[in-house]
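# Remarks on the overall topology
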Amino acid sequence: MTSQSVLFDAPGPRARRLSLILSIVTGVLILGGIVWLIVTLAAPRESGGVILPGMFDASRWEALALARFWEIVGAGVLATLSAAAVAAVGALVLGVLFSLMRSSTIAWVRAPTAWLIEFLRGMPVLLMMLFILLIASTGAFWAVVIALILYNGTLIGEALRAGLVALPKGQREAALSIGMREFQSKRLVEFPQAFRQMLPIIVAQLVVLLKDTSLGYIVGYHELIRTTMNQLSSALGNRYLFTLFMVALVIYLAINLTLSWFARWLSRRTASGGGRSKKRAGGPVDPDQAILAAQASAAANQSAHRP
Amino acid sequence: MDQYLSLWPTYWEGFLMTLLLLAVSGVLALVLGTLIAAMRISPVASLRVFGAVWVEIARNTPLTLVFFFCAFVLPFLGLRWAFIPLAILALTYYTSPFVAEALRSGINGVPVGQAEAARSIGLGFGQTVSLVVLPQAFRMTIPPLINVFIALTKNTSVAGGFFVIELFAATRALTNDNGNMVIPILVTTAALYLVITVPLGLLAGQLERRVVVQR
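First, a word on what this report is: a plain description of the structure on this page.

Parameters at a glance
- Residues numbered from 1 in each chain as written.
- Chains lettered and ligands numbered in written order.
- Predicted model: local features only at pLDDT ≥ 70, side-chain atom pairs only at ≥ 80, totals over all residues.
- Helix = DSSP H or I, 4+ residues; strand = E, 2+ residues; numbered from the N terminus.
- Buried ≥ 20, exposed ≤ 12 C-beta atoms within 10 Å, placed from the backbone.
- Contact = placed C-beta atoms within 7 Å.
- Nonpolar A, V, L, I, M, F, W, Y, C, P; charged D, E, K, R; others polar.
- Core = buried A, V, L, I, M, F, W, Y, C linked by C-beta atoms within 7 Å.

### Concerning the overall build of chain B
- A count of helical and extended segments in chain B gives 9 helices and 0 strands.
- Listing every helix and strand of chain B by position from the N terminus yields α-α-α-α-α-α-α-α-α.
- Over its C-alpha atoms, taken along the principal directions, chain B stretches across nearly 70 × 45 × 20 Å.
- Counting all 215 residues of chain B, 44% fall into the buried class.
- Of the contacts made within chain B by residues no fewer than 6 positions apart, 75% connect residues no fewer than 24 positions apart.

In structure tokens form, the structure reads like this:
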């Protein structure tokens, strides 16, 4: 359903008034909840006979004025972004490789790749990080990066493969009929289209990748959470815990929301640009889900084409 | 071999804890996510905004940070819970927007004609939604929901980093104690995760194929 208005009549004056009143009432309730939360947080609390200042007291925030504070936070952001950047490039390359191998015409290339992908997709990224850390003893950075490459590479590969299979058959037939080899047709005709079609999903997956760099906290990589939460909170003292959490949250949200919006903008652009692509309301949200849908429609296409 | 067999009680405990986290936070996330999805399609504007903001913020926060909040910041703010309920809280919060989006995309996936037809024979909003749209949407949301639960299974491993002894934490402890057999231990853990995720994935794929072919 694309429009909500189908579900109910165009509201008359009474209904409109009612919905306005409801809207205001719930709005006030929600705002009240937020205000209550802030007031509770701001209230001074007592602990073991000592009165501690509230969460928004200046003594809990003054370290934010220090240049050194932002240097350390900046180093954390840089560590997060550099791990994400290296992993993103690697995941893209691996994804392309996987998609080509998985859709290869040679059975003994295709089948093991399928198993490998199934295996990697079902494992927690954290377990892969531990695996690499313990077996290959690469150090935390490469453990994080390689695990993210493997995991996200398989997902990107599956997305690309779904894009390849979902292409109209005529593209491939046309390429073969003008004398291209199998691989040439895949490389020059099919793959570029599939890539473009799946670009929004790939970008959405890269947002997931960026979020997942935070798992490095658990395996000991000094990314944003570890630098702010461990390093800074032990340097500044426990009273900064809430402040540091807020700083980390705001930084993550700023980065991720920007990327998410970019993905959505991209999906709207490619959706309107490619005439063939089905309109999807709101764009793909969950890459996993979008991949599944694309695979299923690809499977349906295949079974429909079969004689 | 004896050494390997002696590890199984620890594995079993970890596996059960993973299943517990999966089941409890899965059910809770389903409830919370349905509420959020209902808010997002409701005619009341302020609820819609609240739902949208909730989904955007929860989906763009790393799970580790959510766990950090639940395991360190909440006790710091005065909430004295055990670590297992806190882990369930974190997983529920993190999973709820994905459930909400899966449900919403299912509702959006019902063709407009269905609702139009229902409206044109005189059904009201409640009847249209409960008798025509939701029964169809529900079928289409099952595969994406299963996918959400697969992701949740894998996400429970993060709880292992925050004082809950589930499969991942058990594995880490075992590798520390049995340095001579790190590889078998890790492979076993991977197999135990796959025991949960692969059947779910196959089920989702099959259901999805069936639903798509029908249309």
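### Some points on the overall build of chain A
- Secondary structure summary: chain A contains 11 helices and 2 strands in total.
- Reading chain A from its N terminus to its C terminus gives the helix and strand order α-β-β-α-α-α-α-α-α-α-α-α-α.
- Across the 307 residues that make up chain A, the buried fraction comes to 39%.
- In chain A, the proportion of contacts linking residues at least 24 apart, taken out of those at least 6 apart, comes to 70%.

### A look at the interface of chain A and chain B
- Listed as interface residues are 52 residues of chain A and, on the opposing side, 60 residues of chain B.
- Residue assignment for the side of chain A that touches chain B shows that the elements contributing at least two residues are α1 (13-42), α4 (125-135), α8 (216-219), α9 (224-236), α10 (241-273) and α11 (287-305) of chain A.
- By residue number, the principal contributor to the side of chain A that touches chain B is α10 of chain A, which donates 10 residues.
- Here the side of chain A that touches chain B is built from residues that sort into 33 nonpolar, 14 polar and 5 charged.

### Re the nonpolar core
- Counting 127 residues, the largest nonpolar core has Met128, Met129, Ala147 and Leu148 of chain A together with Ala90 of chain B as the members making the most contacts within it.
- Discounting chain neighbours no more than four positions away, the residues touching Met129 of chain A are Ala143, Val144, Ala147, Leu215 and Val219 of chain A.

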